[in-house]
Amino acid sequence: MRDVYVLGIGMTRFGELWASSFRDLFVEAALEAIGDAETDRLDSMYIGCMSGGLFVGQEHIGALMADYLGRAPIPATRVESACASGGAAVRLAYLEVASGASEIVLASGVEKMTDGADVTAALATAADQEYEVYHGVTFPGLYALMARAHMFKYGTTREQLAQVAVKNHYHGTMNPNAQYPFEITVEQVLASSMVADPLRLLDCSPVTDGAAAVILASEEIAKKAQAHPLVRIAASAQASGALALHDRDDITYLDTVAKASQLAYQQARITPEKVDVTEVHDCFTIAELCVMEALDYTEPGKAANLVEAGETRIGGRMPINTSGGLKAKGHPVGASGVAQIAEITAQLRGEAGDRQVAEARIGLAQNMGGTGASCTVHILEGLA
Amino acid sequence: MKSPQYTREIPQRYRLEAQKCKQCGKIHFPPRLICDACQSRDFEDVHLAGKGRVLTWTVIHVAPAKFDLEAPYVIAIVEMEEGVRLTCQVVDCNPEELALNAPVEMVFRRIQEDGQADIIQYGHKAVLQRE
């Protein structure tokens, strides 16, 4: 396996983008990434998309997007792993370049969620249809089950969950592409409408349209590029687990996140303390805490203390979700994992604008599907 | 839901039929073709007795369309006496009565129905075992 570099990044604004179609969102992000990479060459492409079928009635997404990007006949494949579709697309593009099969590959993610589909029902397909969804559980409901179990086991409080959303909204104010670039308070989170007790509306990531894309390339190609400081993919890892939350040994512990991150730390030859900037899959506030614990950033049960102490804010010891995270930036489900790679790359290039983390050299992106049954972890290294 | 799927799931929906791995003893609900713990394919049939305890719960306020008229309702993860866990509704109670490890018993109930001509779908919900 050879080294792989991030040559270009691009994303649409995230939000309720009624004027843009599903295919246009993809093309807009892909063109931005191609422009950022300053390359015309593309050998193949992967498109992460959780549910074009349920959200807009469209499958066969690979060929559609290659056609509308004007890149047919290159190979184009749609990748699905629920909300980890984007991370999985990045991983496949990484493997294709690392293997030597291709020199330049586009990895992207796209989701069009506001065209009128039953979003709650579509998202619920990421859980076990026969033994979870059959009984009326929703995605916020499943994370609420995790949240209450975490409260019982570790004494995590309602206010601590709210602080995750408050921090991510603060970061979102500095991201021009964020769906919700405004601050919120703990009081506002606690007063927002109940979705699935104990989780309220402002604990939940929103329904979002958007796309993101990255161009991955071999060392030979990357070293000729002059446009940006080099960013190398130091690790790409993925793990699978029980689809049904009730089948996990510990409902509060994301074992796939632990497994994928352990593999990634080994591959990158680092320990978690070496990571300067992190994007995690905060689909709900409780998820950010559980992910921090599974990434071994702290002991199980202690993540909320780090959030409370401001350690995960920009300027803190371990900034998390500098983009605003899924909560404030928005969560177009298939695109989120790719947007994380774009954010980490921007940070490691020193091109993150107002939200730049000083001297960021190593970044980690963690993306997961369902209640964590699929997880990808990528570690990136800036060579500036 | 279509009838082949509904018919196929009747043993679990109506009778909580599970399987026990003959090699390692792990009980699976629903049954699987291969044991995820030891890879054995040798099982014996067991019925869950229907008694368990609440490990965690939520109250769903924003429900999927099919359950809209029922909201708010309680969903819990229940650990059965046999050690397996399942997700189900907890009914006939006020959410304030729920507690960690609260004992429950499974009861046969209507779960959902979609549309005028569709199958009425049954299964099990939990009720609190009161002293």
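Residue positions within a chain follow its written sequence, with the count starting from 1. Chains carry letters from A onward and ligands carry numbers from 1 onward, assigned in written order. Restriction of local features to residues with pLDDT of at least 70 applies here, the model being predicted, together with a cutoff of 80 or more for giving and counting side-chain atom pairs; totals for whole chains, interfaces and linings are based on all residues. Only hydrogens and water are set aside; all other atoms, that is, all heavy atoms of the structure, feed into the side-chain values.

### A closer look at the interface of chain A and chain B
Frequently, the measure chosen for interface size is the accessible area removed from exposure when the parts meet. Chain A puts 27 residues into the contact, and the matching count from chain B is 36 residues. For chain A, the biggest contributors to the area lost against chain B are Tyr 131, Tyr 134 and His 135 of chain A; these three give 30% of the whole. Counted as salt bridges are all cases of a side-chain nitrogen of Lys or Arg within 4 Å of a carboxyl oxygen of Asp or Glu. At the junction of chain A with chain B, the criterion picks out 1 salt bridge. When the shortest N-O distance is used, the salt bridge between Asp 247 of chain A and Arg 32 of chain B registers 3.7 Å. N or O atoms within 3.5 Å of each other form a polar contact, as long as, within protein, one can give a hydrogen and the other can take it, and as long as residues adjacent in sequence are counted only when both atoms are side-chain atoms. Inspection of the chain A/chain B interface yields 15 residue pairs in polar contact (both at pLDDT 80 or more). Helix numbering and strand numbering both begin at the N terminus, where a helix is a DSSP run of H or I of at least 4 residues and a strand a DSSP run of E of at least 2. Among the secondary structure elements, those contributing two or more residues to the side of chain A that touches chain B are helix H6 (139-154) and strand E5 (194-197) of chain A. Looking at the side of chain A that touches chain B element by element, the count peaks at 6 residues for H6 of chain A. Each residue receives one of three labels: charged for Asp, Glu, Lys and Arg, nonpolar for Ala, Val, Leu, Ile, Met, Phe, Trp, Tyr, Cys and Pro, and polar for the others, Gly being one of them. Per-class residue counts for the side of chain A that touches chain B are 13 nonpolar, 6 polar and 8 charged. By definition in these notes, contact holds between two residues if any of their heavy atoms fall within 4.5 Å. Once two parts are joined, some of their accessible surface, as seen by a 1.4 Å probe, is lost; buried area is that loss totalled over both.

### Thoughts on the environment of Thr 173 of chain A
Residue and element names in this part refer to chain A. Topologically, Thr 173 is positioned in the loop between helix H7 (158-172) and helix H8 (186-191). Once the C-alpha coordinates of Thr 173 and Glu 32 are considered, the two residues, 141 residues apart in sequence, prove to be 22 Å apart. Those residues in contact with Thr 173, other than ones at most four positions away along the chain, are Pro 181, Phe 182 and Glu 183. One polar contact links the side chain of Thr 173 to the main-chain carbonyl oxygen of Tyr 170, over a distance of 2.6 Å.

### Observations regarding the packing of H6 of chain A against helix H11 (residues 285-294) of chain A
Residue and element names in this part refer to chain A. Here H6 crosses H11 at 60°, and the two axes come no closer than 9 Å. Relative to H11, the crossing made by H6 is left-handed. Residues Tyr 143, Met 146, Ala 147 and His 150 of H6 pack against Ile 286, Ala 287, Cys 290 and Glu 293 of H11. Here the axes come from fitting lines to C-alpha atoms, over the contacting stretch only for helices, and the angles between their N-to-C directions go from 0 to 180 degrees. Handedness of a crossing is defined here by the sense of rotation of the near helix relative to the far one, left-handed for an anticlockwise turn of less than a right angle and right-handed for a clockwise turn.

### Examining the pairing of strand E5 (residues 73-80) of chain B
Residue and element names in this part refer to chain B. Judged by how many residues are buried, E5 sits mostly within the fold: 8 of 8 residues are covered. Here the term buried applies to any residue with accessible area under 20% of the maximum for its type, exposed to any over 50%, and partly exposed to those in between, with areas from a 1.4 Å probe on protein chains only. Neither face of E5 is exposed, since Tyr 73, Ile 75, Ile 77 and Glu 79 on one face and Val 74, Ala 76, Val 78 and Met 80 on the opposite face are all buried. A pair of strands is treated as paired once DSSP finds two or more bridges between them. Of the strand pairs in this sheet, strand E4 (residues 51-60) and E5 are connected by 8 bridges, and their pairing is antiparallel. The residue bridging Gly 52 from the neighbouring strand is Met 80, located in E5. Between E5 and the antiparallel strand that follows it, strand E6 (residues 85-91), lie 4 residues; Gly 83 among them carries a positive phi value of about 100°.

### Here's the deal with the packing of aromatic side chains
Stacked, tilted and edge-to-face pairs are distinguished by plane angle, under 30 degrees for stacked and over 60 for edge-to-face with tilted covering the rest, among Phe, Tyr and Trp rings (Trp via its six-membered ring) whose centres lie within 6.5 Å. Using the criterion set out here, one finds 9 aromatic pairs over all chains in the structure. With 5.6 Å between their ring centres and 80° between their planes, Tyr 131 of chain A and Phe 29 of chain B make a pair best called edge-to-face. In this pair, Tyr 131 of chain A is assigned in the loop between helix H5 (119-124) and H6 and Phe 29 of chain B in the loop between strand E2 (27-28) and strand E3 (43-47), connecting two distinct chains. In this structure Phe 29 of chain B comes out as buried when scored by relative accessible area, which is 9%. Plain terms: the ring middles of Tyr 6 of chain B and Tyr 14 of chain B are 6.2 Å apart, the flat faces sit at 65° to each other, and that makes the pair edge-to-face. Using a relative accessible area of 30% as the deciding quantity, one classes Tyr 14 of chain B as partly exposed.

### Examining the nonpolar core
Residue and element names in this part refer to chain A. Only buried residues count toward a nonpolar core. Its members are Ala, Val, Leu, Ile, Met, Phe, Trp, Tyr and Cys residues joined through side-chain atoms within 4.5 Å. Residues Tyr 143 and Ile 379 are the most contacted members of the largest nonpolar core, which totals 79 residues. Broken down by element, the residue count for this core peaks at 9 residues, all from H6. By convention here, the domain bounds are inherited from an automatic or database domain assignment. In terms of domain composition, this core takes at least three residues from each of domain 1 (4-118 + 207-224) and domain 2 (122-204 + 234-382). Leaving out residues up to four positions away in the same chain, Ile 379 has contacts with Arg 232, Ile 233, Ala 234, Ala 235, Ala 264, Tyr 265, Ala 268, Ile 270, Ile 362, Gly 363 and Leu 364.

### Here we look at the domain arrangement of chain A
Residue and element names in this part refer to chain A. The domains assigned to chain A are domain 1 (4-118 + 207-224) and domain 2 (122-204 + 234-382). Taken over C-alpha atoms, the centre of domain 1 sits 22 Å from the centre of domain 2. Taken together, the contact between domain 1 and domain 2 spans 42 residues of the former and 36 residues of the latter. Taken as a group, Phe 14, Cys 83 and Arg 91 account for 22% of the area that domain 1 buries against domain 2, more than any other trio of residues on that side. Taken together, the links from domain 1 to domain 2 amount to 1 salt bridge. The residue Asp 36 makes a salt bridge to Arg 349 at a minimum N-O spacing of 2.9 Å.

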